[in-house]
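What follows is the residue order along each chain.
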Amino acid sequence: MTPGYALYPSNEVARLRADFPDHLICELHDEAGRPLFAATLIRRRCPCPPDLVTATSATALRRALE
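Residues numbered from 1 in each chain as written. Predicted model: local features only at pLDDT ≥ 70, side-chain atom pairs only at ≥ 80, totals over all residues. Heavy atoms only, no water.

Caption draft 1: Quick look at the overall build of the protein. Scanning the protein from terminus to terminus reveals 2 helices and 3 strands. Helices (α) and strands (β) of the protein occur, in sequence order from the N terminus, as α-β-β-β-α. The 66 residues of the protein split such that 30% are buried. For the protein, the proportion of contacts with a sequence separation of at least 24, taken over those separated by at least 6, is 21%. About 4,600 Å² of surface is accessible on the protein, with carbon and sulfur atoms providing 56% of the total. (Helix = DSSP H or I, 4+ residues; strand = E, 2+ residues; numbered from the N terminus. Buried < 20%, exposed > 50% of the residue type's maximum accessible area, 1.4 Å probe, protein only. Contact = heavy atoms within 4.5 Å. Areas by Shrake-Rupley, 256 points an atom, 1.4 Å probe, with all protein chains shown as cover.)

Caption draft 2: Just helix α1 (residues 11-19), in detail. Where α1 is concerned, the buried positions are V13, L16 and R17. For α1, the angular spread of the buried residues around the axis is 100°, confining them to a single face. Exposed residues pointing more than 90 degrees away from the buried face of α1 are listed as N11 and A18. Buried residues along α1 sit in contact with β1 (23-29), β2 (35-41) and α2 (58-65). (Arc of directions from axis to C-beta.)

Caption draft 3: A look at the pairing of strand β3 (residues 52-55). Residues of β3 alternate between two faces, with V53 and A55 buried on one and L52 and T54 left unburied on the opposite face. Across 4 bridges, the pairing between β2 and β3 is antiparallel. Its bridge partner being in β3, F37 is matched across the sheet by A55. (Pairing = 2+ DSSP bridges.)

Written out as structure tokens, the structure reads:
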């Protein structure tokens, strides 16, 4: 398990974490249950987007990180 993760991820989040190992990636939900996916860099080693990226779906997060 990668440091920083204490919960079991969904399959979508597990795939994102495997595909983008330089990021800590999580799925949060607001009070209405709507998801928010967030990714933050563990360390700057890639020509990636900014240090914090948020999206409303796993697909949108994947596009933002590519």
